[in-house]
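Take a look at the letters that make up each chain.
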Amino acid sequence: SLRLQAAARRPRPILDMSYSRHFLDFQGSSIPSSMKKLVVTKLSQNFREAVTLRQDSPVPLPGDGDLLVRNRFVGINASDINYSAGRYDASVKPPFDIGFEGAGDVVALGLSASADYTVGQAVAYVKAGSFAEYTVVPAKQAVPLPSVKPEFLTLMVSGATAYISLKELGELSEGKKVLVTAAAGGTGQFAVQLAKKAKCHVIGTCSSDEKGGFLKSIGCDRTINYKTENVESVLRKDYPEGVDVVYESVGGKMFDLALNSLATKGHLIVIGFIAGYQNPTGLQPIKAELLPAKLLKKSASIRGFFLNHYLSEYKMALKHLLKMYEKGDLVCEVDFGDMSPEGKFTGLESVFRAVDYMYMGKNIGKIVVELPHSVNSKL
């Protein structure tokens, strides 16, 4: 048959999941039948109230075009609490899985998926349900990696968001002034570096001198610690003509201030508004009455950016980012929570702490949780 001929042409291990519930992972230890995972059991922007750690969920089986990925690293995003509050899709009722992105090893796969992937391969993915020991990922949505490193995970959502939004909406060119808010965060770090690569002058806001030091190390021209400096007066004094582009993810007062600091024909790109996510509405009030007048006066624009609307650009963006990282042209700062009160974020139970850490504004770079797999090791 054609299928056998195709298999003969491809000397690679095929694990066809359609016939057997008993399958092995590549280290020869059985994949367990149950696993831990986080589940949204109640809609709330309070992550601890919304989410339950389930100890014995069945390990899902991959279909014909799927991979079963054993997650080794999972990424924390500000929007995890928007997801747990049901703000992404109001029609979905709990219980549902959570976590936007993961990286790990393929431990089993369907027959069609085996055309492009093998057991033991390193992959990353963006798909709801990563806060689990194992996640089924359609092969088409997976990204093959050279190895399972947390740095690669930083690019999947945070890096891609900065890359695509600045390319499509930023109209960056040499000498432009770019303001990045929450510049030392998961996605801010990439906005700073990509704007510098476009030969722009970059200003970054942050909440500590340590973060300011990190920003300088990745090329930020001017850092503003908003806890100790008045952002508005610094911008007015040092940038009287205004800034050309703002990469804005904070919202509330920071949004108002960024809007007021725009230059003629400036663009404000709205990536998010983390200042509001913990509120019941998910919003932080802004001074919007004057918005039309302010935009008109400056021929300025505000542009929203949501990654899901730019999936056509995604593969290209990721390829470029991976190449930059591998050539040493991009810093992918990972924060494992080593400096957090209870130490490194290890295991699914630490996702709760990791979300708290983000909302305390403590992280430098992208918050990543490691899921260790010492079980059944043959060593």
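Conventions and cut-offs
Residues numbered from 1 in each chain as written. Predicted model: local features only at pLDDT ≥ 70, side-chain atom pairs only at ≥ 80, totals over all residues. Heavy atoms only, no water. Buried < 20%, exposed > 50% of the residue type's maximum accessible area, 1.4 Å probe, protein only. Helix = DSSP H or I, 4+ residues; strand = E, 2+ residues; numbered from the N terminus. Arc of directions from axis to C-beta. Contact = heavy atoms within 4.5 Å. Pairing = 2+ DSSP bridges. UniProt positions renumbered as here; feature names shortened; annotations may be inferred. Axes fitted to C-alpha atoms, helices over the stretch in contact; angles between N-to-C directions. Parallel < 35°, antiparallel > 145°, perpendicular 65-115°, else oblique. Left-handed = near helix turned anticlockwise from the far one by under 90°. Nonpolar A, V, L, I, M, F, W, Y, C, P; charged D, E, K, R; others polar. pLDDT = per-residue confidence, 0-100. Core = buried A, V, L, I, M, F, W, Y, C linked by side-chain atoms within 4.5 Å.

Notes on helix H10 (residues 291-298)
1) Next: Among the residues of H10, Leu291, Leu295 and Lys298 are the ones counted as buried. Projected down its long axis, H10 shows its buried positions confined to an angular sector of 80°, all on one face. Facing away from the buried side of H10 by over 90 degrees, the exposed positions are Pro292, Leu296 and Lys297.
2) Next: Those residues of H10 that are buried are in contact with helix H8 (253-260), strand S13 (262-270) and strand S14 (301-304).
3) Next: Looking one or two residues beyond H10, the residue adopting positive phi is Ser299, at roughly 50°.

A short note on the pairing of strand S7 (residues 134-138)
1) Next: Of all 5 residues in S7, 4 are buried, a share of seventy percent or more.
2) Next: With 5 bridges joining them, strand S3 (residues 66-75) and S7 adopt antiparallel strand pairing. From the neighbouring strand, Asp66 faces S7, where its bridge partner is Pro138.

Comments concerning the UniProt feature "domain: Enoyl reductase (ER)" (unreviewed entry) in the chain
1) Next: Summarizing the sequence annotation, UniProt attributes the feature "domain: Enoyl reductase (ER)" (unreviewed entry) to residues 46-369 in the numbering used throughout.
2) Next: Within the segment residues 46-369, helix and strand shares are 31% and 25% respectively, and the terminal C-alpha atoms sit 19 Å apart.

Some details on the packing of helix H4 (residues 150-170) against helix H5 (residues 188-197)
1) Next: Two numbers describe how H4 lies on H5: the axes approach to 9 Å, and their chain directions differ by 45°. Considered as vectors, H4 and H5 are oriented oblique to each other. The chirality of how H4 crosses H5 is right-handed. Between H4 and H5, the contacting residues are Thr154, Leu155, Ser158, Gly159, Ala162, Tyr163 and Leu166 on the first element and Phe190, Ala191 and Leu194 on the second.
2) Next: Each residue belonging to the contact of H4 with H5 can be placed in one class, and the counts come to 7 nonpolar, 3 polar and no charged.

Some words on the sheet that holds strand S2 (residues 51-58)
1) Next: Spatially, the 3 strands line up as an open sheet ordered S2-S1-S4, and their pairing is antiparallel. Strands with a single pairing partner mark the edges of an open sheet, and in this sheet they are S2 and strand S4 (96-97).
2) Next: Bridge count between strand S1 (residues 34-40) and S4: 2 bridges; the pairing is antiparallel. Each bridged residue has a counterpart across the sheet, and for Val40 the counterpart in S4 is Phe96.

Considering the sheet that holds strand S10 (residues 201-206)
Strand pairs in the sheet, formed through backbone hydrogen bonds, run parallel or antiparallel to each other.
1) Next: Pairing within the open sheet is parallel, and its 6 strands lie in the order S11-S10-S9-S12-S13-S14. Two strands bound the open sheet, and with one partner strand each, they are strand S11 (222-225) and S14. Put simply, the sheet's adjacent strands are angled 15° from each other on average, direction ignored.
2) Next: Where S10 lies against S11, 4 bridges are found, and the strand directions are parallel. Looking across to S11, one finds that Cys206 is bridged to Asn225.
3) Next: Sheet strands touched by H4: strand S12 (243-248), S13 and S14. Its angle to S13, the strand with the most contacts, is close to 145°.
4) Next: On the sheet, H8 packs against strand S9 (177-180), S10, S12, S13 and S14 and is oriented at approximately 150° with respect to S13.

Observations concerning the confidence of the model for the chain
1) Next: Looking at the chain as a whole, the pLDDT averages 93, with 91% of positions reaching at least 70.
2) Next: Segment residues 18-26 is flagged for pLDDT under 50; beyond a separation of four residues in sequence, or across chains, it makes 22 contacts in the model.

A closer look at the nonpolar core
1) Next: Grouped together as the largest cluster of nonpolar side chains are 54 residues, with contacts concentrated most on Leu155 and Leu215.
2) Next: Per-element accounting of this core gives the leading share, 11 residues, to H4.
3) Next: Excluding residues that lie within four positions of it along the chain, Leu155 makes contacts with Ala160, Phe190, Leu318, Leu321, Leu322, Tyr325, Leu330 and Cys332.
4) Next: Within the second largest apolar cluster, 27 residues are counted, among which are Val51, Val74, Ile81 and Val369.

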